Amino acid sequence: MESIVPIEKCKEKKVLLFYCVESEDLARKIASQSDSIQLQSINWRSFDDGFPNLFINNAHAIRGQHVAFLASFSSPAVIFEQLSIIFALPRLFVASFTLVLPFFPTGSFERMEEEGDVATAFTMARILSNIPISRGGPTSLVIYDIHALQERFYFGDHVLPCFETGIPLLKQRLDQLPDADNIVVAFPDDGAWKRFYKQLQHYPMVVCTKVREGDKRIVRLKEGNPAGRHVVIVDDLVQSGGTLIECQKVLAAHGATKVSAYVTHGVFPKRSWERFTCCNEKEGTQRAFSYFWITDSCSHTVKAIGDKAPFEVLSLAGSIANALQI
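Residues numbered from 1 in each chain as written. Predicted model: local features only at pLDDT ≥ 70, side-chain atom pairs only at ≥ 80, totals over all residues. Heavy atoms only, no water.

Looking at an unreviewed UniProt entry, one finds the protein named ribose-phosphate diphosphokinase, with Papaver nudicaule as its source organism. Recorded in UniProt for the protein, the comment headed Sequence similarities (unreviewed entry) runs: "Belongs to the ribose-phosphate pyrophosphokinase family." As its UniProt record puts it under Catalytic activity (unreviewed entry), the protein is described as follows: "D-ribose 5-phosphate + ATP = 5-phospho-alpha-D-ribose 1-diphosphate + AMP + H(+)". (UniProt positions renumbered as here; feature names shortened; annotations may be inferred.)

Visitor: With reference to specific residues and values, describe a nonpolar patch on the surface.
Guide: Taken together, the side chains of Phe47, Phe51 and Phe80 define a hydrophobic patch exposed on the protein surface, amounting to about 360 Å² of accessible area. For Phe47, the position within the fold is in the loop between strand S3 (42–46) and strand S4 (52–56). (Patch = residues over 30% accessible without salt bridge, like charges linked within 9 Å, V, L, I, M, F, W, Y side chains within 5 Å. Areas by Shrake-Rupley, 256 points an atom, 1.4 Å probe, with all protein chains shown as cover. Salt bridge = Lys/Arg side-chain N within 4 Å of Asp/Glu carboxyl O. Helix = DSSP H or I, 4+ residues; strand = E, 2+ residues; numbered from the N terminus.)

Visitor: An account of the environment of Pro269 is requested, with residue identities and associated values reported.
Guide: Tracing the sequence through the fold places Pro269 in the loop between strand S13 (258–266) and strand S14 (292–295). Along the sequence, Pro269 and Ala59 sit 210 residues apart, while their C-alpha atoms lie 36 Å from each other.

Visitor: Tell me what's going on with the state of the cysteines, and back it up with residues and numbers.
Guide: For the structure on display, the rule yields zero disulfides. Cys298 provides the cysteine sulfur closest to Cys20, a residue in no disulfide bond, and the two sulfurs are 12 Å apart. Judged by relative accessible area, Cys20 falls into the buried class, the value being 2%. (Disulfide = S-S within 2.5 Å. Buried < 20%, exposed > 50% of the residue type's maximum accessible area, 1.4 Å probe, protein only.)

Rendered as structure tokens:
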């Protein structure tokens, strides 16, 4: 009988990883995942008029290499300087170029409700679709839990969007809980259910919905039974946190013994995360959430929150390191 020779494991490709200033901590975590990922540097300076004065160090040395850039479009003020780097790197005769944009910031502005609305998700996708082609072909674009799945069709042929998810990190963390066998997953609306239910099918599920009562939109329980369970609300992102707080109240009223939350992107403008850490008798948020898991896709939030309960940060570093090998 002919013996089967095992196929040798593919050798990891060497990746040179550049990063923006606010993503330095995440970049270092990514590099610590693999010896094949080497950090590179950029001089982020400004002219007196405020416009960027940028310099890519060791530009000659990256020729023929696989190059990646870790971006963070946390505000309009930092997007232009990062786009300048993103458009420059593929033109330096690199073997391939990968853009890692963990949070696609305009993702929730993807549709028009009346003539005159501007779908800025489409605008951002068009900009990124015009990144120059490198010697290796189109840019690989890595994004985590984009708000609406149809946004993948907003991108042109000059980029290859790779849509990843933070849900495996949540599932791993849930398995570590002492009450792991008593978990129920809840979705704040039908959109979140459609987005994530296939990845969480082995958990019992609860679905909430928003109904209009007069001028207000009220959260109601649509289906499922949270009674006596540790309920984990799952969504792609959080802004003010109002919907999560209303969901918690509904779930607790229907008998949930614990309520926690997970979002991939903790945006939290205007320090709205404080609603979940400070004692607030009106909203009852001091004891409302047992855990609140976020990833480090929004670096400014991670730095602001620190180790304040009930927040825990689940790092995307390992997942990004794997994506860079695709």
